[in-house]
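Residue-level listing of the chains:
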Amino acid sequence: MEVTADIIYQQAEEAIKELGVEDSVSAERVADSVMRQAAYWETPMRSGEKLIFLRFFSPVVQREEVFLGNVLFNDFLSKAFARTVANGKYNKAKLVANDLESYYFLLRTSHSVEQIGGEFRAEVKRSLSELFFSEQDEGKGIYGSVENMLNFVKADVEPFPVFVMPQVYAKDLERAVRQSLLQKIEKSVLDRNPTSITANLAFFYSHNGTEMQSPPKFLGRLAFQYKVMSSEQLETSLNIPGTAQNELETLIEKESLLDKPHKEALSALIQYVNDNFSTPYCLGWFELFLAKTDKGAWKLDVGKKQDQKPVGRFLKEAGSMSSEKVFDEIVVKAVVADRLSNIDVCSKSNLRKVLKKAVRSLGEKAESDPDAWLTPYIQAKFLSRNEEELTDLLLSGSSIGYNTPNLFGSAVGVGCRFCGIRPNEAEDKNILVGQSNHKFHNHSSKQKNKEEPKACVRCSACVYLMIKLIGSESVGKPQVPKTYNLIFHYGRHDDDEVERITRTIDRVWDLLHERREAGNIRREANKQIREAKEKLERAKNEQKKLELEDEIARNRAQREQAEAAISETDDKTLELLPFMKDWDSPNPAENPSLDVWANSQLSESRVERHVLGLGMGGYRVILFVLPQISAPYEKEHDFAQRRFSYSRVMVTALLSFLRQLCGCDGPFYYQSLPTLAPETFKPGTFYVRNQPISVSEAQTEYEAVTQLAWRLVQQSGSDGFVRKLILAEKLMKDPLGTFSAVMRDTAILGRGKGRYKQLPGEYRKEWGMHDLTGYAKFIRQLSKLEEVKRHGDQR
Amino acid sequence: MAISVDREKLDEFCSKLFRTLDNLGLLPRSLGWRRDASGRPRKIAPTEFEKYPRLLFGSIQRYNDVEAGFREWESRLLRAVKSPNVRDEHHPDLVDLRQWMVDHKEVFSKGANVQHLRTSLLARVFDYLYPRRVLAIAFCSAHKGDAGAIEPESLDKELPNFIETDVQIQKLREVYGEEEWKAIATDTRSSLIANAAYYRMVLGEKETLALSAEEVKEAEEQLESEEESE
């Protein structure tokens, strides 16, 4: 791999040639300007034009909450800038080089930087709506989809960052949501409660808090109150039975749990329904509402808390409520919720139709009567800024050459909690800041009111873009942005090759999943065999013994099948990853890199990968967005991920794996910003939290400790992953001390059992002891590790 | 971040200390099993490897003075050596070790160094003893019944041959590398000669070092159940 200066020089040569400005400037000067991060210079040309070298700069905030979004936003800005200079008047422009913050252009033009800046601002303003709501278009720097943002299942916990959007985008937002919802309904197999779809409907179209809190109630109201779809359509989709009036009356009459006032209230209710809704199934709601279990309890009340029992509430409040209210708030809400939670009793095709119909009709209403139907209940949440102001806020901090059009006009009292420099406008919500909302941060001490806004518009928009790409998730009750592992790589890879790498990773995930499934079957079969053997030993009846022997044989066959499947997936894994054949195990429990993948939280999108910027000298910045490590059972959601990202040893194990997968020696970056500077663009280097680690260092030091940790810890899965990771870090910190502790806690010296696995080695009679050469080997390796450190310290 | 300790000095010290203790016969002769007075097999515990080095560190810490601490430890050590010949022969080793420690007393006044020695002691002593004991025992096992095999002249000839031909020993040799292995072979030769009485018993099959695989399994199970009941 060439050094940075050579690559930039080649790029400069090409740009000069393409612009035909060989007489006006040398490649050395251009390359030198890039390396020195020069902002602007111009030189006159014979034709009367001028040759401009300029840097377009947009800062990246390196806070985890906004980092990815900021990177995506900068990509959008850079592409908008490239479009501006390529379109019309500035068509003689060429990008020389770029990193994630700076883009260096050569322009042959007669215009001033101020004019270019004005055009650029107009282009950004024009494209903002597309950025926020359009489907992915990498050519324009637009990533993700609004559909990714609609995976919430509770509407009342601020699940969508609508408060970072100006009011003027309400229509665009509604349109995008409508399209996404229709796609979502079409794609959904409706094999379980469509809570996400109904929550989306309630969030964007409800008129008040009670509708938003209860999507089933809102769905009922759409049919009975707002007439968005007919009540008959809803009844058909929920398979509400066509109960005859006399049947219902008999049922109520015979019901011993209902006393006279209740029966009267029910009669009034039936009268109300007959008068207002004359569908063939309108009385079926009551049959379902009053259904009982075999044990004689109210079916809809079973398993619910005292204050959430619908029939209980009816019995308690029927006398004090109007029939209309009882039907709307108790009967329909409870029956819709119950039918949707038992989705198999519904007619799925009709349900799909009715949901689609609701979305389309709500969309039509939003278009025709925006005051009443355009995102009615969340209207107040929109940002009170117009498009012009938003553009200025988003461009604040960016510069074009020496022109910094949007410098902050006045000093900011308490800055944004992410970037620290812009004024706060967005509130401290979970969907914006994750789980750490309302927690102390440096600026919060200066704010008198805890409820005051905490983030600036630009950072909030970056979070929005991030959620648009990778979605959000519910952690407990609040909806928070999904977290991720972000890896940048500079490499000479074309689109096909990037595709191949990500396909391989997806395939590795599939194989690991298959292996885990087979492993579970084998474990279960082993358990069954063990239990059956125990029973067999105790059994006296011959028939019983035969049955148990059959069971054992059956489970043995199942175990063999599972073992064959494991062996097959191992072979496939080794075939897929040929670089592993010599030295590694395809079993994730013994292989640190594969264990990282095996413990990642899989999602539908798997690996997001994008090529950012326009590349240089064939080198392009490739961005991998990988899912985070899943937490062990009953631990906080980032329990494993936090430990992983703090562990330089583990991160380099993952980066080594990716490096071998892509087969080039371009640098990789984890929690680091790739910049065009010689010290951050070295071949064969991993940058972990901005600290360079050479590949050889990773191989000699880090691999030894991870390999050892993965052989010693017994547990597998996420819990085991964390234990192994902690052991690897301890081994790295104090190799021989930690290994001594491991040896003390292993069944080798003086102990019959220990917490750690014994390294392979059989009992040798001629030595009078177990073969512990494996331990000696690792002590040697760890001593060398100490030696490396010692030399490192001396350096 | 790595703990900052004077590793080169500590490595040198450990090697001197272990060699001295081994010459005085104060380190276990076997790393696996041995029979107690009742004939029951017992696993050699880590404390048996670490006993004397730990006493030394404790003594230095108690006196807060390297020389005073060493002298107290030295007298205790010499009382533990049963053979007067061995005591007299290897006393100069102790004097050398004391001098080295006094010359490098700053190493032992640094808390991180002593702490590191305490925590890493087992790995270090294992690293020293394992190849030497394995080589000695494997050599004796290969020459069972030949009491003359550990005579100096015979050893000069047979030990290098054995090292070259035994597959398992070759594997062990690969782990340590040529330079280190030379020292291991030399130490083993000295140990076989110095502890000839013991190794003659091994050669004459009077010392029943080797347990059968079944005996080991049974003993392991016994040990495990004892630990569980604790």
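Residues numbered from 1 in each chain as written. Chains lettered and ligands numbered in written order. Predicted model: local features only at pLDDT ≥ 70, side-chain atom pairs only at ≥ 80, totals over all residues. Heavy atoms only, no water.

1. Overview of the overall build of chain B
Applied cut-off: Counting from the N terminus, the helices are the DSSP runs of H or I reaching at least four residues and the strands are the DSSP runs of E reaching at least two. Two residues form a contact once any of their heavy atoms are found within 4.5 Å. Computed with a 1.4 Å probe, the accessible areas rest on the Shrake-Rupley method; for each residue, only the protein chains presented here act as cover.
Within chain B, the regular secondary structure consists of ten helices and two strands. Reading chain B from its N end, one meets helices and strands in the order α-β-β-α-α-α-α-α-α-α-α-α. Restricting the contact set of chain B to residue pairs at least 6 apart, pairs at least 24 apart contribute 69%. Of the roughly 11300 Å² that chain B leaves accessible, carbon and sulfur atoms contribute 48%.

2. Focus: the overall build of chain A
Selection criterion: Relative accessibility under 20% of the residue-type maximum defines a buried residue, over 50% an exposed one, and the middle range a partly exposed one, all with a 1.4 Å probe and only protein chains included. The charge count includes Lys and Arg as positive and Asp and Glu as negative, but it does not include His or the ends of the chains. Think of each charge as sitting on NZ of Lys, CZ of Arg, CG of Asp or CD of Glu.
Of regular secondary structure, chain A possesses 28 helices and 15 strands. Dimensions of chain A, computed from C-alpha atoms along their principal axes, come out at roughly 100 × 90 × 50 Å. Out of the 795 residues belonging to chain A, those deemed buried represent 55%. Accessible area for chain A stands at about 34200 Å²; split by element, carbon and sulfur atoms hold 46% of it. Looking at charge distribution, chain A has the averaged site of its 111 positive side-chain charges lying 4 Å from that of its 112 negative ones.

3. Quick word on helix 13 (residues 310-317) of chain A
Residues and elements named next belong to chain A. What counts, and what does not: The arc refers to the directions leading from the helix axis to the C-beta atoms.
Taken as a whole, helix 13 has its buried residues at Pro-310, Val-311 and Phe-314. Down the axis of helix 13, the smallest arc covering the buried residues is 100°, so these residues share one side. Contacts from the buried residues of helix 13 go to helix 11 (260-276), helix 12 (284-289) and helix 14 (323-341).

4. Some points on helix 4 (residues 84-103) of chain B
All names here are of chain B. Note the threshold: Here the expected length of a helix is defined as 1.5 Å per residue gap, with one fewer gap than residues. Given a residue, its bend is the angle between the two axes fitted to the seven residues that end at it and to the seven that start from it.
Compared with an ideal rise of 1.5 Å per residue, which puts 20 residues at 28 Å, helix 4 spans 28 Å between its outermost C-alpha atoms and is within 8% of the ideal. Of all bends in helix 4, the biggest is about 45°, found at His-90, and the proline Pro-92 comes one to four residues later. Buried within helix 4 we find His-90, Leu-94, Leu-97, Arg-98, Trp-100 and Met-101. Those residues of helix 4 hidden inside the fold are in contact with helix 1 (7-23), helix 2 (46-63), helix 3 (66-80) and helix 5 (105-109).

5. With respect to the packing of aromatic side chains
Heads up, the condition is: Each aromatic pair joins two rings of Phe, Tyr and Trp (for Trp, the six-membered one) with centres within 6.5 Å, and gets the label stacked for planes under 30 degrees apart, edge-to-face for over 60, and tilted for any other angle. Two conditions define a charge sitting above a ring: the NZ of Lys or the CZ of Arg must be within 6 Å of the ring centre, and it must be within 35 degrees of the ring normal.
All told, the structure shown has 49 aromatic pairs over all chains when counted by the stated rule. Taking the centre distance of 5.4 Å and the plane angle of 75° together, the rings of A:Phe81 and A:Phe120 count as edge-to-face. In this pair, A:Phe81 sits in helix 3 (residues 64-86) while A:Phe120 sits in helix 4 (residues 113-133), placing the two residues 39 residues apart along the sequence. Judged on exposure class, the residue A:Phe81 and its partner A:Phe120 are both buried. With a centroid separation of 5.8 Å and 80° between ring planes, the pair formed by A:Phe133 and A:Tyr169 is classed as edge-to-face. Taken together, the positions of A:Phe133 in helix 4 and A:Tyr169 in the loop between helix 4 and helix 5 (170-187) put the pair 36 residues apart, joining distant regions of the chain. Residue classification places A:Phe133 among the buried positions, given a relative accessible area of 8%. Three or more aromatic residues link up through ring pairs in this structure, and these residues are A:Phe132, A:Phe133, A:Phe152, A:Phe160, A:Tyr169, A:Phe203, A:Phe204 and A:Tyr464. The ring of B:Tyr198 is capped by B:Arg29, whose NZ or CZ atom sits 4.5 Å from the centre of that ring.

6. Considerations on the packing of helix 5 of chain A against helix 6 (residues 195-205) of chain A
Residue and element names in this part refer to chain A. What counts, and what does not: With axes taken as lines fitted to C-alpha atoms, and helix axes fitted only over the stretch in contact, angles between N-to-C directions fall between 0 and 180 degrees. By definition in this entry, angles of less than 35 degrees are roughly parallel, angles greater than 145 are roughly antiparallel, angles of 65 to 115 are roughly perpendicular, and the rest are oblique. Each crossing gets its handedness from the near helix: less than a right angle anticlockwise from the far helix is left-handed, clockwise is right-handed. Classification used: nonpolar for Ala, Val, Leu, Ile, Met, Phe, Trp, Tyr, Cys and Pro, charged for Asp, Glu, Lys and Arg, polar for all others including Gly.
Relative to each other, helix 5 and helix 6 sit at 165°, their axes nearing to 11 Å. By the criterion of interaxial angle, the relationship of helix 5 to helix 6 is roughly antiparallel. The element helix 5 and its partner helix 6 pack so that their crossing is left-handed. For the pair formed by helix 5 and helix 6, the contact residues are Leu-173, Glu-174, Val-177, Arg-178, Leu-181, Lys-184 and Ile-185 on the first element and Ser-196, Ile-197, Asn-200, Leu-201, Phe-204 and Tyr-205 on the second. Across the contact of helix 5 with helix 6, the residue classes tally to eight nonpolar, two polar and three charged.

7. Re a negative patch on the surface
Residues and elements named next belong to chain A. Basically, it comes down to this: Patches draw on residues past 30% relative accessible area with no salt bridge. Two like charges within 9 Å are joined, as are two nonpolar side chains (Val, Leu, Ile, Met, Phe, Trp, Tyr) within 5 Å. Think of a salt bridge as a Lys or Arg side-chain nitrogen and an Asp or Glu carboxyl oxygen that are within 4 Å of each other.
Together, Glu-524, Glu-531, Glu-534 and Glu-537 give the surface a local cluster of negative charge. Turning to its location among the elements, Glu-534 is positioned in helix 20 (residues 495-538). With a relative accessible area of 43%, Glu-534 lands in the partly exposed category.

8. Let's talk about the nonpolar core
Test applied: In these notes, a set of buried Ala, Val, Leu, Ile, Met, Phe, Trp, Tyr and Cys residues joined through side-chain atoms within 4.5 Å is what counts as a nonpolar core.
Counting 136 residues, the largest nonpolar core has A:Phe739 and B:Phe13 as the members making the most contacts within it. Looking at this core element by element, the count peaks at 17 residues for helix 6 (residues 111-142) of chain B. Discounting chain neighbours no more than four positions away, the residues touching B:Phe13 are B:Leu56, B:Phe57, B:Leu97, B:Trp100, B:Met101, B:Phe108 and B:Leu117. Core analysis: the next-biggest nonpolar cluster, separate from the first, contains 131 residues, A:Phe105, A:Leu150, A:Leu300 and A:Val433 among them.

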